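Residues per chain, in single letters:
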Amino acid sequence: MVAEALQAFTAATTVAELKQARIAHSGDRSPLALANREIGALPPEAKREVGKRMGQARGRVSQALKAREAEISAAELEQRLAAERVDVTLPTELVGHGAIHPITGLIDLMSDIFVAMGWEIAEGPELEAEWLNFDALNIPRDHPARTMQDTLFVDPPESNRVLRTHTSPVQARSLLDRELPVYVVCPGRVFRADEYDATHLPVFNQIEGMAVDKGITFGHLRGTLEHFARSLFGPDMVLRWRPSYFPFTEPSAEVDLQCFVCHGSSVGDPDNPCRTCKSEGWIEWGGCGVMNPRVLEACGVDSSIYSGFAFGMGVDRTLMFRNNLSDLRDTVQGDVRFSRSLVGGA
Ligand code: PHE
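Residues numbered from 1 in each chain as written. Predicted model: local features only at pLDDT ≥ 70, side-chain atom pairs only at ≥ 80, totals over all residues. Heavy atoms only, no water.

Undergrad: If you had to explain the sheet that holds strand S4 (residues 161–163) to someone new, which residues and values would you point to?
TA: A sheet is described by the order of its strands in space; here three strands give the open sequence S2-S4-S3, paired in antiparallel fashion. Two strands bound the open sheet, and with one partner strand each, they are strand S2 (127–129) and strand S3 (152–153). Looking at chain direction, S3 and S4 are connected through two bridges and run antiparallel. By the bridge assignment, Phe153 is partnered in S4 with Val162. (Pairing = 2+ DSSP bridges. Helix = DSSP H or I, 4+ residues; strand = E, 2+ residues; numbered from the N terminus.)

Here is the structure:
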């Protein structure tokens, strides 16, 4: 019995096989265990002798089992280590780093142009008081501009807060917070219940600018935006001014950039289509105007002494134009390859 048990243990090569061998040769129902149980029935003289031999036999079997167990688990460990071996000297793939988002890059570039002229950067919250987004800017409650801007209101309505529809509330905030004169730019996210397609995003970016000082005129506005455009697009950039309407500026204008791809040559020429300006020759850039005295007064500024101008440009639109993008959705889908492809281009 002992010899059989030892042989079975040696034959086992895995933990599972050894378990089978253990049950068969030293378990409760093994011949050895059964024989052990018989001892009780033997006459007293024989009991002692047989009991001793039986004890030795069981001892040898259990020792052999332990020894084989140790061998097998060492071998299995050895095998696992060999299988999981890692060569730490192999060269690894370089871990990819992120990239500055092109919108962030362009906002920095735009802001720097104004900081270089001594302007300050102002910020305001994205969840804005309705009063600052509208009323302070001369857009009263029943004014069509409230619905024109596709405002996203916030629950509950009595919180009187909206997701700001433009960066213009920062005009009011800056006048309320700062000492005059004020020269600020405010870049930031704005929200409108708009389509999500290649040329519209419900969340987009604007950069607002405002100068309030003694003797500010429309001429200063023109000079400032021309400098801004030429710093971004080169010294030859031509601007076009179209009369427009905003409740918070009077007079108001919209500014177009001359298409820097076709320089207007695609207009009326079907053989020479321009994708960048859709053959219109111009690209709408933003709104601007001389500040309405009512806005100055609402913010505690004496409009008989001070005047100002303000403008607001779309950052995403500018990026699209400047980098010849075909789909604005690329700017919000978070693929780092998009950001990398425009690094240095913005
Ligand atoms: N807030 C306007 C818009 O979002 C743009 C603008 C800003 C116009 C400042 C005039 C002055 O359309």
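Once you've had a look at it, read on.
Undergrad: Please set out the environment of Arg60 residue by residue, giving values where relevant.
TA: One can find Arg60 in helix H4 (residues 44–83). Each residue touching Arg60, except ones within four places of it in the same chain, is listed here: Val2 and Leu6. (Contact = heavy atoms within 4.5 Å.)

Undergrad: So what's going on with the state of the cysteines? Which residues, and what values?
TA: Evaluation of the coordinates by the stated rule reveals zero disulfides. For Cys277, which is in no disulfide, the shortest distance to another cysteine sulfur is to Cys262 and amounts to 3.6 Å. (Disulfide = S-S within 2.5 Å.)

Undergrad: How would you summarise the site of the ligand if you had to cite specific residues and measurements?
TA: Lining the immediate surroundings of the ligand are 14 residues, of which His166, Ser168, Arg192, Gln206 and Glu208 lie closest. Contact between the ligand and Arg192: an oxygen atom at 3.1 Å from a side-chain N or O atom of the residue. Protein chains shield 92% of the accessible area of the ligand, which is 320 Å² for the free molecule. Those elements giving two or more residues to the shell around the ligand turn out to be strand S6 (203–213), strand S9 (282–291) and strand S10 (307–314). Counting residues per element, the shell around the ligand draws most heavily on S10, at three residues. (Near = heavy atom within 4 Å. Polar contact = N/O pair within 3.5 Å; in protein donor to acceptor, adjacent residues only side chain to side chain. Areas by Shrake-Rupley, 256 points an atom, 1.4 Å probe, with all protein chains shown as cover.)

Undergrad: Before we move on, could you go through the UniProt feature "binding site: Mg(2+)" (unreviewed entry) in the protein chain and cite the residues and values that matter?
TA: The UniProt record annotates "binding site: Mg(2+)" (unreviewed entry) at Glu250. With respect to the helices and strands, the residue Glu250 is situated in strand S8 (residues 249–258). Residue classification places Glu250 among the partly exposed residues on the basis of a relative accessible area of 48%. Those residues in contact with Glu250 that lie beyond four places of it in its chain are Val290, Met291 and Asn292. (UniProt positions renumbered as here; feature names shortened; annotations may be inferred. Buried < 20%, exposed > 50% of the residue type's maximum accessible area, 1.4 Å probe, protein only.)

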